[in-house]
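A structural walkthrough
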Amino acid sequence: VGEAVDNKFTIEGVGVKDHHCTLVNEQLDEGSKVSLLPQNGARVFVNGKLISEMTAIMHGDRVIFGQNHFYKVTKKNNHKPKNAKNIKQNNLFIF
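Residues numbered from 1 in each chain as written. Predicted model: local features only at pLDDT ≥ 70, side-chain atom pairs only at ≥ 80, totals over all residues. Heavy atoms only, no water.

Let's talk about the overall build of the protein
Let me state the cut-off plainly: Put simply, DSSP marks the helices as runs of H or I at least four residues long and the strands as runs of E at least two long, and each gets a number from the N terminus on. Exposed residues in this analysis have more than 50% of their type's maximum accessible area, buried residues have under 20%, and partly exposed residues fall in between, with area computed by a 1.4 Å probe over protein chains only. Note on contacts: a residue pair qualifies if any of its non-hydrogen atoms lie within 4.5 Å across the two residues.
Helix and strand counts for the protein come out as zero helices and eight strands. When the helices and strands of the protein are placed in sequence order, the string is β-β-β-β-β-β-β-β. By residue count, 31% of the 95 residues in the protein fall in the buried class. The contacts of the protein with a sequence gap of at least 6 include a subset with a gap of at least 24, amounting to 20%.

Some points on the sheet that holds strand 5 (residues 55-57)
Going by this rule: When DSSP finds two or more bridges between a pair of strands, those strands are recorded as paired. To define axes, lines are fitted to C-alpha atoms, for helices over the stretch in contact only, and angles between the resulting N-to-C directions are given on a 0 to 180 degree scale.
Ordered in space as 1-2-5, the three strands form an open sheet in which the pairing is antiparallel. Edge positions in the sheet fall to strand 1 (21-28) and strand 5, since each has one partner strand and no second. Each strand axis lies, on average, 35 degrees off the axis of its neighbour in the sheet, ignoring direction. The pairing of strand 2 (residues 31-38) with strand 5 spans three bridges and is classified as antiparallel. Note that in strand 5 the partner of Ser35 across the bridge is Ala56.

Brief notes about the pairing of strand 2
Taken across its eight residues, strand 2 has six buried, putting it largely inside the fold. Taken together, the eight bridges between strand 1 and strand 2 define a ladder with antiparallel strand orientation. Within strand 2, the residue paired with Cys21 across the bridge is Pro38. Here strand 1 folds back onto strand 2, and the loop between the two strands holds two residues.

Concerning the nonpolar core
Stated precisely, the cut-off is as follows: We call a set of buried residues a nonpolar core when its members are Ala, Val, Leu, Ile, Met, Phe, Trp, Tyr or Cys and they connect through side-chain atoms within 4.5 Å of each other.
With 14 residues, the main nonpolar core has Leu36, Val44, Ile57, Val63 and Phe65 as its most contacted residues. If you list the elements that add at least two residues to this core, you get strand 2, strand 3 (44-46), strand 6 (62-65) and strand 7 (69-76). With residues up to four places along the chain from it excluded, the contact list for Val63 reads Leu36, Val44, Phe45, Val46, Ile57, His69, Phe70, Tyr71 and Val73.

Focus on unusual backbone geometry
With a phi angle near 50 degrees, Asn40 is a residue other than glycine that sits in the positive phi range. Here Asn40 is to be found in the loop between strand 2 and strand 3. The backbone phi angle of Asn47 is positive, close to 55 degrees, even though this residue is not glycine. Residue placement: Asn47 occurs in the loop between strand 3 and strand 4 (49-50).

Some points on the environment of Thr10
Looking at the secondary structure, you find Thr10 in the segment before strand 1. Separated by 10 residues in sequence, Thr10 and His20 have C-alpha atoms that sit 9.7 Å apart. Residues within four places of Thr10 in sequence aside, it is in contact with Gly2, Glu3 and Ala4.

Written as structure tokens, this is what we have:
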């Protein structure tokens, strides 16, 4: 995530670095785990708290990149009990 064109998610604005933050999506047995890792002292807040190391984000969390890029994490959870048919993979959407 950042201003550089080689990012998968490009955002521009005050306080956003070229390579601002890494978004990590890990597939686990119980679903997916998504984390943010700020790069080079970039300004990233999760739920109002400035983060400086790998931080997991959850459904409902509020994320700010730089000075004014605000996002709310919405995680569509399709997880069903083990005995249910047609178990689908978890998806993550950030708006």
